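# Architecture and fold: a report
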Amino acid sequence: MNPIKYSFLLLGALSLSACEDNDGQLTIADVDVPAGYALSAGTATEFSRSAFSYDQPASWISGEYNALFNKGDRLYDNVATSNYNHAGGGLGPVYAGYSCGGCHRNAGRTEPSYWTAFKNGSRKATGEYGFTSMLCYVTRRNGKFFQNYGRVIHDNTIYGVTPEGEIHFEIDSAVYRFPDGERYTLCYPRFSITKWYADSIRPEDLFISVRIPLRHVGQGQIMALDRTEIQQLAARSNYPRWGISGRCNVVSERNVSQIGVGGNKAHHGDLTVELGYSSDMGLTNSRYPEEICRGQRQIEEGSMMGLSYEKLDVSTADMEAVDLYLHSLGVPARRDVNDPDVQAGEKLFYKAGCHLCHVTTLHTNKRGSTLLAGLTLPWLGGRQTIHPYSDFLLHDMGSEIMGVGLNDNMVSGLARGNEWRTTPLWGIGLQQLVNGHTYFLHDGRARNFTEAIMWHGGEAEASKQVFAHYSKAQRAQLIRFLWSL
Ligand code: HEC
Ligand code: HEC
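Overview of the structure. Just so you know, these numbers come straight off a predicted model, no measurement behind them.

At the junction of G92 and P93, the peptide bond is cis and its omega measures out at 10 degrees in the coordinates. Considering the arrangement of structural elements, one finds P93 in the loop between α1 (63–77) and β4 (94–95). In this model, R383 sits at a positive phi of 50 degrees, which is unusual for a non-glycine residue. Following the sequence through the fold, R383 ends up in the loop between β13 (362–363) and β14 (385–386).

With that settled, consider the nonpolar core. Across soluble globular proteins, nonpolar side chains show a tendency to be buried alongside one another. Counting residues in each nonpolar core, the largest one holds 105 residues, and the members touching the most others are C136, V322 and L482. Once residues within four sequence positions are removed from consideration, V322 is found in contact with G72, L75, Y76 and V273.

By nearness alone, 28 residues border ligand 1, and G97, C100, C103, G262 and G276 come closest of all. Where the shell around ligand 1 is concerned, the elements lending two or more residues are α2 (100–103), α6 (273–280) and α8 (316–327).

Now for the packing of α1 against α8. Between α1 and α8, the shortest axis-to-axis distance is 7 Å and the interhelical angle comes to 105 degrees. Looking at the two axes, α1 sits roughly perpendicular to α8. On α8, the residues that touch L68, F69, K71, G72, D73, L75 and Y76 of α1 are D318, A321, V322, L324 and Y325.

Here we take up the site of ligand 2. The environment of ligand 2 is made up of 29 residues, and the closest members are C354, C357, F440, H442 and A460. Contributing elements (two or more residues each) for the shell around ligand 2: α11 (449–454) and α12 (461–469). Across the shell around ligand 2, the residue classes tally to 18 nonpolar, nine polar and two charged.

What follows deals with helix α9 (residues 340–351). For α9, spanning 12 residues, the distance from its first C-alpha to its last is 17 Å, which sits close to the expected 16 Å at 1.5 Å a residue. Where α9 is concerned, the buried positions are V342, G345, E346, L348 and F349. Considered in projection along α9, the buried side chains sweep an arc of 165 degrees and stay on one side of the axis. Set apart from the buried face of α9 by more than 90 degrees, the exposed residues are P340 and Y350. Considering only its buried residues, α9 is in contact with α13 (472–483).

With that out of the way, let us pick up the packing of α6 against α8. Viewed as axis vectors pointing N to C, α6 and α8 meet at an angle of 115 degrees, and their least axial separation amounts to 9 Å. Touching V273, E274 and Y277 of α6 are M319, V322 and D323, all from α8.

One can find G220 in helix α4 (residues 219–223). Judged by the 27 C-beta atoms lying within 10 Å of it, G220 is buried. The spatial distance from the C-alpha of G220 to the C-alpha of L371 is 9.4 Å, given a sequence separation of 151 residues.

Parameters at a glance
Residues numbered from 1 in each chain as written. Chains lettered and ligands numbered in written order. Predicted model: local features only at pLDDT ≥ 70, side-chain atom pairs only at ≥ 80, totals over all residues. Helix = DSSP H or I, 4+ residues; strand = E, 2+ residues; numbered from the N terminus. Core = buried A, V, L, I, M, F, W, Y, C linked by C-beta atoms within 7 Å. Buried ≥ 20, exposed ≤ 12 C-beta atoms within 10 Å, placed from the backbone. Contact = placed C-beta atoms within 7 Å. Near = placed C-beta within 6 Å. Axes fitted to C-alpha atoms, helices over the stretch in contact; angles between N-to-C directions. Parallel < 35°, antiparallel > 145°, perpendicular 65-115°, else oblique. Nonpolar A, V, L, I, M, F, W, Y, C, P; charged D, E, K, R; others polar. Expected span 1.5 Å × (residues − 1). Arc of directions from axis to C-beta.

Nothing here speaks to function; it is geometry throughout.
So, in structure tokens, the structure goes:
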């Protein structure tokens, strides 16, 4: 059925015996799982433990796919320049970041630039070198965008061009106590924008929502999710005892309506490669041929600096390679599964109802997802059993703690301000190794697992309370379990 022959890389402890079943598909029976590890995504599971654990090809990547994967990986990390005449050029004139990998370092989450600035005593959210590792959405209080700005603030520009604004922050914090007396702190970043290039927008007319990048763990499997299963999950996601009921977001793009699974508000139906190039980096392409600052004065400023807007900045073939790269990343295996604390923590995770949203087991569809290039990667399909620790549904996460909760007041499709997509937790225990930090939640406000859990409110309030009422040793075990994901 499948014309491609497989060859397997021997990656450290991982040993795969290259046997194939009848239709040439690698099955999980062919994967030798080293002691202490557990599969996260069937044959796409990879077993390395390093800073590159998110950035490994799945084992079925070989031959021509290997070349495409490597090309996509290189383009993904390539820092774009303003020289539009050269490959890799076309940056700006306005942008948020200069490469995919700059924000999603090693296919993970670059340390939020505002926390880096905070540690350096600065209150300017843009990093020292004019680089923001996050996206800052701005809307009017009525939900509409500002005409002169668009949906994301571009606080970086090529030389000679005026940024759209400058992002600043303050961090409030408050100390709380668990029922057993142990203390914890919650930090709340407040963002503001100065130096608006056009209209000065009054803070009382403005909602700002800051997002830090998501880990790319299991991106291909997420796209290949059986969406009927997600719909059934939404129908079933009703646990009155816990106050939990999730629902789907719906994304309408290019005349197709589908269930959203990507992004912090499940507001994306695909891997957003074209949008990333356009909106985040200012690179025009076949899907978004217009400069992101169309109609703004930065266009003329860019021309004066020698930019030309005649041709598209990034080719469709290059975007297809990046799309293939993201789809084909291996998913880190679970680790230390025989550790007694991990096992005790896993039980406490279920007992606290975390799994009612962070759903442990889902399946991919039959066919696999279709890539930008029109290819279907059959390995992603075949109803693979995967363990994403998410239901990919929206949940009300509360608006009450410190007067704000996780509510960002931003509407994305059906998602309201207080609604967020359950973040998939697979691979989360490697974030520190991959990216050197443990900032969590959509805007990175949580500095560790405890803070991330204690920010849960709304539908997750009851679950959080169970966690809070555990003993100190039990909370540590639950967190030990999260490190094993
Ligand atoms: C300025 C930083 C920045 C740059 C540059 C950037 N991203 Fe992102 N990316 C983000 C943030 C922040 C999010 C989360 C957005 C949200 O949920 O609203 C995100 C989300 C995504 C997602 C969705 C992830 C998921 O789990 O659903 C994908 C895929 C993605 N980016 C790919 C790319 C690609 C490909 C590029 C380069 C073309 C790129 N990004 C460039 C910051 C960035
Ligand atoms: C009602 C659904 C729900 C329940 C119950 C729930 N969560 Fe979550 N969880 C979410 C959502 C939604 C987010 C994303 C919130 C955000 O980014 O603002 C999240 C985020 C997280 C994160 C941060 C992930 C990251 O990478 O930023 C962790 C860790 C986490 N949850 C652990 C837990 C644990 C442990 C429990 C049980 C004590 C739990 N959650 C219960 C819905 C839930």
